[in-house]
Amino acid sequence: MSNSHQTRAQQLIGDFAPKLVDLTDNVLFGDVWERSELSPRDRSLITVASLVTSGSTDQLRGHLVRAKANGLTETELKEAIIHLAFYAGWPKAMSAITVTREIFTA
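Residues numbered from 1 in each chain as written. Predicted model: local features only at pLDDT ≥ 70, side-chain atom pairs only at ≥ 80, totals over all residues. Heavy atoms only, no water.

A closer look at the overall build of the protein
What the protein contains, in helices and strands, is six helices and zero strands. Going from the N terminus to the C terminus, the protein shows its helices and strands as α-α-α-α-α-α. In the protein, the share of contacts with a sequence separation of at least 24, taken over all contacts with a separation of at least 6, comes to 51%. Carbon together with sulfur atoms contributes 57% to the accessible area of the protein, which is approximately 6,900 Å² in total. (Helix = DSSP H or I, 4+ residues; strand = E, 2+ residues; numbered from the N terminus. Contact = heavy atoms within 4.5 Å. Areas by Shrake-Rupley, 256 points an atom, 1.4 Å probe, with all protein chains shown as cover.)

What about the confidence of the model for the protein?
Overall, the prediction assigns the protein a mean pLDDT of 80, with 69% of residues at 70 or greater. Taken element by element, the predicted model of the protein shows its lowest mean pLDDT in helix 2 (residues 16–34) (56) and its highest in helix 6 (residues 90–105) (95). (pLDDT = per-residue confidence, 0-100.)

So, the nonpolar core
The biggest cluster of nonpolar side chains holds 18 residues, and the ones touching the most others in it are Val48, Val52, Leu60, Leu64, Leu77 and Ile81. The element best represented in this core is helix 6, accounting for six residues. Ignoring anything within four residues of it in the chain, the contact list for Val48 reads Leu60, His63, Leu64, Ala67 and Leu77. (Core = buried A, V, L, I, M, F, W, Y, C linked by side-chain atoms within 4.5 Å. Buried < 20%, exposed > 50% of the residue type's maximum accessible area, 1.4 Å probe, protein only.)

Considering the packing of helix 3 (residues 40–54) against helix 4 (residues 57–69)
Helix-helix packing is characterised by the crossing angle of the two axes and by the distance between the axes. In the contact formed by helix 3 and helix 4, the axes pass within 9 Å of each other and the chain directions differ by 160°. By the criterion of interaxial angle, the relationship of helix 3 to helix 4 is roughly antiparallel. In the packing of helix 3 onto helix 4, the handedness of the crossing is left-handed. Of the residues in helix 4, those touching helix 3 at Ser44, Thr47, Val48, Leu51 and Val52 are Gln59, Leu60, His63, Leu64, Arg66 and Ala67. Taken together, the residues of the contact of helix 3 with helix 4 break down into six nonpolar, four polar and one charged. (Axes fitted to C-alpha atoms, helices over the stretch in contact; angles between N-to-C directions. Parallel < 35°, antiparallel > 145°, perpendicular 65-115°, else oblique. Left-handed = near helix turned anticlockwise from the far one by under 90°. Nonpolar A, V, L, I, M, F, W, Y, C, P; charged D, E, K, R; others polar.)

With respect to the pattern of salt bridges
Scanning the model with the defined rule gives three salt bridges in all. Across the salt bridge formed by Arg41 and Glu76, the nearest N and O atoms sit 2.8 Å from each other. You can see Arg41 sitting in helix 3 and its partner Glu76 sitting in helix 5 (residues 74–88), a full 35 residues away along the chain. The exposure class of Arg41 is partly exposed, given its relative accessible area of 31%. (Salt bridge = Lys/Arg side-chain N within 4 Å of Asp/Glu carboxyl O.)

Overview of the environment of Thr98
When you line up the elements, Thr98 lands in helix 6. Overall, Thr98 belongs to the partly exposed group, its relative accessible area being 38%. Along the chain, Thr98 and Thr57 lie 41 residues apart, while their C-alpha atoms are 9.7 Å from each other.

Some points on the environment of Ala67
Position of Ala67 relative to the elements: it lies in helix 4. The buried category is assigned to Ala67, whose relative accessible area is 0%. Distance in space between the C-alpha atoms of Ala67 and Ile46 is 9.9 Å, their sequence separation being 21 residues. Aside from chain neighbours lying at most four places away, what touches Ala67 is Ser44, Val48, Leu72 and Leu77.

Right, dumping it as structure tokens:
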């Protein structure tokens, strides 16, 4: 799309995808994983919560494995996901529950 066909907001924002990636890397995965006051369990829970609300089930698998290694139980994760359902929507939450079951039964 040429600049002449873009809205003023689109012109100001530019290509949004790289900016969103930078924001996610710097704020979520950068900040959360480097904050020394957060335990590994807290870091894992924050990351899992973010991935559940975004519906990123492919990325969620690896982070659930890490959450399990960091001491979070299946019950704790399922409870957190159910609480997130009101924000993420039930379809995303139920997909996350399914992935959680798979990780803990493997």
